[in-house]
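Tertiary structure, described
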Amino acid sequence: VQLVESGGGLVQPGGSLRLSCVASGFTFNRYAMSWYRQAPGKERELVAAISSAGGTTNYADSVKGRFTISRDNAKNTVYLQMNSLKPEDTAVYYCKGSADWGFRRDNYWGQGTQVTVSS
């Protein structure tokens, strides 16, 4: 199982970034996917989530209206489009794949990608 994030970097306040997470080693279209972030000295927090088929999305209040999560099951990829970035969005961003089979719960994490919002 592997989740590989990319697309992070340094951006000025008000700018945009698109994160990507490519999955392998599991049946991607049967897993809900989500993005989390962790800023220095803070706990990891959920940013956005999307259902396995992509029909349902959820967002943290702090990013609603600015971030959009999407997925392409043909490419085993989940995206996070981040617009109107603020300094407080600075964090390491992680993607996660999860599934609850009843008898077992799977949670897979990527290694993270750094996003820094600064002038």
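Report follows, based on the coordinates. (Residues numbered from 1 in each chain as written. Predicted model: local features only at pLDDT ≥ 70, side-chain atom pairs only at ≥ 80, totals over all residues. Heavy atoms only, no water.)

On the basis of which strands lie adjacent, the open sheet formed by four strands has the order β1-β3-β8-β7 and antiparallel pairing. Each of the sheet's edge strands pairs with one partner strand only, and the pair in question is β1 (2–6) and β7 (67–72). Sheet twist, expressed as the average angle between the axes of neighbouring strands with direction ignored, equals 15 degrees. (Pairing = 2+ DSSP bridges. Helix = DSSP H or I, 4+ residues; strand = E, 2+ residues; numbered from the N terminus. Axes fitted to C-alpha atoms, helices over the stretch in contact; angles between N-to-C directions.)

Across all of its chains, the model carries one disulfide by this definition. Paired by a disulfide, Cys 21 and Cys 95 hold their sulfur atoms 1.9 Å apart. On the criterion of sequence distance, the pair formed by Cys 21 in strand β3 (residues 17–24) and Cys 95 in strand β9 (residues 91–100) is long-range, its members being 74 residues apart. A relative accessible area of 0% means that Cys 95 is categorised as buried. (Disulfide = S-S within 2.5 Å. Buried < 20%, exposed > 50% of the residue type's maximum accessible area, 1.4 Å probe, protein only.)

This part takes up the environment of Thr 113. Tracing the backbone through its elements, the reader meets Thr 113 in strand β11 (residues 113–117). Note: C-alpha distance between Thr 113 and Val 4 (109 residues apart in sequence) is 8.9 Å. Setting aside chain neighbours within four positions, we find Thr 113 in contact with Glu 5, Ser 6, Gly 7, Gly 8, Leu 19, Ala 91, Val 92 and Tyr 93. Separated by 3.3 Å, the side chain of Thr 113 and the backbone nitrogen of Gly 8 make a polar contact. (Contact = heavy atoms within 4.5 Å. Polar contact = N/O pair within 3.5 Å; in protein donor to acceptor, adjacent residues only side chain to side chain.)

What follows is about the pairing of β1. Along β1, the buried face is formed by Leu 3 and Glu 5; none of Gln 2, Val 4 and Ser 6, which line the opposite face, is buried. Across five bridges, the pairing between β1 and β3 is antiparallel. Note that in β3 the partner of Gln 2 across the bridge is Ser 24.

For Asn 76, which is not a glycine, the phi torsion comes out positive at approximately 55 degrees. Tracing the chain through its elements places Asn 76 in the loop between β7 and β8 (77–82). A positive phi angle, close to 50 degrees, is found at Ser 84, a residue other than glycine. By the element assignment, Ser 84 lies in the loop between β8 and β9.

The next subject is the pattern of salt bridges. Pairs can form between side chains of opposite charge whenever their charged atoms are close. The full count for this structure, using the stated rule, is six salt bridges. With a closest N to O distance of 2.7 Å, Glu 45 and Arg 37 form a salt bridge. Residue classification places Glu 45 among the partly exposed residues on the basis of a relative accessible area of 36%. Residue class for Arg 37 comes out buried when judged on its relative accessible area of 5%. Where Asp 100 meets Arg 105, a salt bridge forms, and the shortest distance between an N and an O atom there is 3.3 Å. (Salt bridge = Lys/Arg side-chain N within 4 Å of Asp/Glu carboxyl O.)

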